[in-house]
Structure formats: structure tokens, C-alpha cells
Amino acid sequence: PGLLTRTLLNAGSQVIALESNNAFLPDLEALKKKLNGQLEVVHCDFFRLDPIGVGTMRPPIMYSERLFENLGILPVPWTADIPLKVVGIVPQRRERNLLWKLLYALYERSSVYKYGRIELNLFVSEKEYKTLVAKPGDPRIYQTLSVLWQTACDVQLLHMEPWSSFLTNSRNGGLSIPKSVLLQNDHLCLVRMTPRKNLFTGSLITTNSSIFILMVKQCLAKSSTKLVDKLNLWSSNSGKNLLRQLEIPEHVTTGSLYPEEYKRLFEAMEQSNEFDQSWLYDDSLENSRGVIF
């Protein structure tokens, strides 16, 4: 019914409504004519921008480069102010995959992130929010996704809304709430994810960011592994020296390392002569992202 669009307009925001459903476009276009330039309407789906491996595309699927060009939005430096804020509800059927897709785009500074530090304000399930902000010590929910989002962004909870507030399309007419065994999942959470200005100011850069992602994935594949043992697998007997250099205790496990420590560890590995990228070809390494976009 356009609740988010009208709320943003009432707050005085300049709004670009990306609408994927043809049925809603006429009402939005009629509203646009009344607002004297405050609202722009595009037949597009934000979560289907920049698909991988497709042929001819028709709206609502679109490339972000074409969308931004048509809107007259120009890229700004990464360290500049936030150029654009995205507000939306993540489709539940593809929630985890979409969070991974956005994450890869952020670290690669591709898709919408070519235009600067795009701020996301997204409704996600409560269980996924808790994963995003999980801390070391709870191996059930502290995952690669936790480390990578917290490294890249300031993650802030803005609001929690019961599932009962939202229309659902379950066949029996009840609430279509994704099931969760480990985590409470009674709400949708409005979460703000603001990319950090200093994300790419060290040895982590866009061209090696995929290696950082793979490193974290390997480390957290088994969170009870001693970090020094993992490092020694990548470079024989070098782990102890690296941990001493970073003032990280030798007995620490991969699941007890904080996101900022993972980034420091990776940057130290990139600068060390003892570590090359041969560890990327370890047999246990995933050779693909493992995510269907």
C-alpha cells in the first residue's frame, strides 16, 4: 500500500520509489504528479539489480549503472558523505542470499556501491538481525556474515515491529513467519547499515577483498579451531610470530576473534613476507561463493 513511500514523503525526503509490481505503478505516478518533483517513480526491483549471468533484461530487472545514469546520480569518493539512503523490506524467501549479494558488492565496491557509501535501512527478520550483530563466544550465531558485515558497516537497530503488522501470503491465511530453531524470530527489524569510511584505508582494498572474505570463511568453518594452528597451515610455523605481533593470545580460537581483529590479521598477512596467497588453493577451501543470486 505504499506505507514506506508515504512516510518518507511526509518526512520531507526526496524519494525515488523503485516499484517492481506493475499494478502499483499507476497510483505512484498519480501521486508523483501532485508532489512537484519530490517523488520519482521507476519500474525496478532494488534486490534484483545487477543480476549475474542473465540474457536480455526487462524491468523490474535492471543494471544499477543504467538506473543511476537515468536518475542523474553521480559517483562520489568513498570517504565522502552518504550520497544515498535505501529503505526497503528484504524478501524473506531470499533473505540470506540477498544479504550475501549486497555484502560482496560492498567489498568489491560494485553495483550501487560504485557510487559511494550507500546507506541501507532494511527490514530483516529478527533471526537474521541477531546473526548480523552476533559477538564472539556464541558459535551458534557468530558466523562469517557477522564478521564481514560488522567489519564493513556500523550496524544499528532502528526499530522492531511484530510480524502481525505485515500482510502475509501463506496459503492457510495465517502469519507466514520463517521458522527459526536457534533464535527468536517474532519481529521484523529495521536495521541501518552504514559503510565505514575507513574500510579501505589499510591493506584491505577492493582487489583483495574477496581473499579477506575467503579467509574469514575458512577460519569460521570450524570456530573451535585454534587460530595459531590455522595460520600455521597457511605458512608453516609463522602463526605464533604473527599473533605476537598483533598482541593476540596464542590460545585464541577462530570463533573468539572479533571482527576488527580479523581485519587487522588479514592486513598483517598481506604485509608479511611469510604469507602468500597459496593458502587460497587449500583443498578445504570453497572454490565458489556458494551463494545463488
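Above this text you will find the structure in question.
In this text the structure is predicted, and so the values were computed from the model without any measurement.

What counts and how
- Residues numbered from 1 in each chain as written.
- Predicted model: local features only at pLDDT ≥ 70, side-chain atom pairs only at ≥ 80, totals over all residues.
- Heavy atoms only, no water.
- Helix = DSSP H or I, 4+ residues; strand = E, 2+ residues; numbered from the N terminus.
- Contact = heavy atoms within 4.5 Å.
- Axes fitted to C-alpha atoms, helices over the stretch in contact; angles between N-to-C directions.
- Parallel < 35°, antiparallel > 145°, perpendicular 65-115°, else oblique.
- Nonpolar A, V, L, I, M, F, W, Y, C, P; charged D, E, K, R; others polar.
- Salt bridge = Lys/Arg side-chain N within 4 Å of Asp/Glu carboxyl O.
- Buried < 20%, exposed > 50% of the residue type's maximum accessible area, 1.4 Å probe, protein only.

## Re the side chain of threonine 5
Move 1: Looking at the element boundaries, threonine 5 is found in helix H1 (residues 3-10).
Move 2: The residues contacting threonine 5, other than those within four sequence positions of it, are Val15, Ala17, Leu28 and Leu39.

## Quick notes on unusual backbone geometry
Move 1: Residue proline 59 is joined to proline 60 through a cis peptide bond whose omega torsion reads 15°.
Move 2: Checked against the element boundaries, proline 60 lands in the loop between strand S2 (39-43) and helix H3 (64-71).
Move 3: In this model, aspartate 50 sits at a positive phi of 55°, which is unusual for a non-glycine residue.
Move 4: Note that aspartate 50 resides in the loop between S2 and H3.

## Details of the packing of helix H8 (residues 227-234) against helix H9 (residues 239-246)
Move 1: As a packed pair, H8 and H9 sit with axes 8 Å apart at the nearest point and diverge in direction by 125°. With respect to H9, the axis of H8 lies oblique. Here Leu227, Val228, Leu231 and Asn232 of H8 come into contact with H9, specifically with Gly239, Lys240, Leu242 and Leu243.
Move 2: Tallied by class, residues from the contact of H8 with H9 come to 5 nonpolar, 2 polar and 1 charged.

## Some points on the pattern of salt bridges
Move 1: Counted by the stated rule, this structure contains 9 salt bridges.
Move 2: Ionic pairing is found between lysine 114 and glutamate 65, a salt bridge with its closest N-O pair at 3.3 Å. Residue lysine 114 is located in the loop between helix H4 (95-108) and strand S4 (119-125), and its partner glutamate 65 is located in helix H3; the two are separated by 49 residues in the primary sequence.
Move 3: Residue classification places lysine 114 among the partly exposed positions, given a relative accessible area of 39%.
Move 4: Between lysine 240 and glutamate 250 there is a salt bridge, and its shortest N-O distance comes to 4.0 Å. A residue pair is termed long-range when its members are at least 10 positions apart, and lysine 240 in helix H9 and glutamate 250 in the loop between H9 and helix H10 (259-271) qualify at 10 residues.
Move 5: Residue glutamate 250 is classed as partly exposed on the basis of its relative accessible area of 41%.
Move 6: Because the salt bridges share partners, they merge into one network encompassing Arg96, Lys127 and Glu128.

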